[in-house]
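# Notes for the structure review
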Amino acid sequence: TEHVYDPLALRSDDGLEWERVDVSGFTDAVEVNDLEVVDGRIVAVGAYRTLADPSSGGFVAKAWTSADGLSFDEVALPDVPDYRGYDDESYAGDVAAVEGALLAAGRVGRTAVLWRSTDGGGTWARVTDPLLRDSYAISGMRVVGTTVMASTSASDVQAIRSTDGGATWEPVTALPVNEEVDGWAPLWSGADRFFTLTGVDDTSWSEPEVCYADLDQCGQSPGPQVVSSADGGEWAAVDLPGDGETDEIAGTADGRLLVMAADQGGVALHTWPSGVELPGSVGRA
């Protein structure tokens, strides 16, 4: 079966009823991964698939902007090479707005890359931070207030954060690295808080005195635990609605928290009211 990578755009005035619209400005087989709206302009990021068979890849990172959601202008991202092989492969996977700047995250070759724009996506500059050199990819970005966090696939840090609009970054040392997945973990935000998963708790089940105090847990690793933070620096475990494994967390404009989790009957969506603390959470900053 031949795969077609033409852009598919859907538009809605209320989020309930949608219509398909034709878009222009894409010059190759394209994969749009994320978009943001800044000052009435859409900024999209993704990659062109440049091989003769687009399903085989040939990824080249790109950004696009549009004033009407119909006609898009292509914007080059710095330090993105033409595709000649795997070492040249690049993509942009996430875009976020914080502190008057736009941040796009992705990968070039075997190195994580962040690009930053201060003119609404019209031009971009590469963020040169030592933390990025040791990361294979940035797998997600979330913003709470003036703080932006990114989940990384580095061997010694699970996430990084910035408090100056993405110009400089620091490691989030309070989150333990999950060595089984090379440091990667999902990152969510909602209700003015960050959320992520960690498989490590405060108890060392390898210590004999701890192990024999709870034989049911002896020799077992703790399961994934949702932890939350208001500033990305200090984290605490929280008990979210639902009994299953958390798949997605999002916030609403009125402050409610939406939690999608696996349940006995399939997948369930739970709602937590605005202004009510989650059990076990620390106070909001």
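Attention in this report is confined to the structure presented alongside it.

Rules behind the numbers
Residues numbered from 1 in each chain as written. Predicted model: local features only at pLDDT ≥ 70, side-chain atom pairs only at ≥ 80, totals over all residues. Heavy atoms only, no water. Helix = DSSP H or I, 4+ residues; strand = E, 2+ residues; numbered from the N terminus. Buried < 20%, exposed > 50% of the residue type's maximum accessible area, 1.4 Å probe, protein only. Contact = heavy atoms within 4.5 Å. Areas by Shrake-Rupley, 256 points an atom, 1.4 Å probe, with all protein chains shown as cover. Core = buried A, V, L, I, M, F, W, Y, C linked by side-chain atoms within 4.5 Å. Phe/Tyr/Trp six-rings, centres within 6.5 Å; stacked < 30°, edge-to-face > 60°. Pairing = 2+ DSSP bridges. Patch = residues over 30% accessible without salt bridge, like charges linked within 9 Å, V, L, I, M, F, W, Y side chains within 5 Å. Salt bridge = Lys/Arg side-chain N within 4 Å of Asp/Glu carboxyl O.

## So, the overall build of the chain
- When its secondary structure is counted, the chain shows 2 helices and 21 strands.
- Burial statistics for the chain: of 285 residues in total, 43% are counted as buried.
- In the chain, 44% of the contacts between residues at least 6 apart in sequence involve partners at least 24 apart.
- As displayed, the chain offers around 15000 Å² of accessible surface, 46% of which is attributable to carbon and sulfur atoms.

## Brief notes about the environment of Asp 39
- Turning to its location among the elements, Asp 39 is positioned in the loop between β3 (29-38) and β4 (41-49).
- Take Asp 39: its relative accessible area is 81%, and that puts it in the exposed class.
- In sequence terms Asp 39 and Ala 67 are 28 residues apart; their C-alpha atoms lie 9.5 Å from each other.

## Regarding the nonpolar core
- Counting residues in each nonpolar core, the largest one holds 17 residues, and the members touching the most others are Leu 77, Val 80, Trp 115 and Trp 124.
- For this core, the secondary structure elements donating two or more residues are β4, β5 (59-66), β7 (90-98), β8 (101-108) and β9 (111-117).

## As for the packing of aromatic side chains
- A complete count under the given rule lists 3 aromatic pairs for this structure.
- Both rings, one in Tyr 48 and one in Trp 64, keep their centres 5.5 Å apart while their planes meet at 80 degrees; by these two values the pair is edge-to-face. Placement of Tyr 48 in strand β4 and of Trp 64 in strand β5 is noted, with a sequence separation of 16 residues between them.
- Clustering of aromatic rings is evident, with ring pairs tying together Phe 26, Tyr 48, Trp 64 and Phe 72.

## Notes on the sheet that holds strand β10 (residues 125-126)
- Strand order across the open sheet formed by 4 strands is β7-β8-β9-β10, with antiparallel pairing between neighbours. Looking along the sheet, the strands with just one partner apiece sit at the ends: β7 and β10.
- Pairing of β9 with β10, which is carried by 2 bridges, proceeds in the antiparallel orientation. By the bridge assignment, Trp 115 is partnered in β10 with Arg 126.

## Quick look at a nonpolar patch on the surface
- On the surface, Leu 8, Leu 10 and Trp 18 cluster together into a nonpolar patch covering about 360 Å² of accessible area.
- Position of Leu 10 among the secondary structure elements: in strand β1 (residues 9-11).

## Observations concerning the sheet that holds strand β12 (residues 147-152)
- The strand order across the open sheet formed by 4 strands is β11-β12-β13-β14, and the pairing between neighbours is antiparallel. The outermost strands of the open sheet, each flanked by one partner alone, are β11 (138-144) and β14 (170-171).
- As judged from the 6 bridges shared by β11 and β12, these two strands associate in the antiparallel manner. Looking at β12, one finds that Met 141 is bridged to Ala 150.

What is shown is where atoms sit, not what they do.
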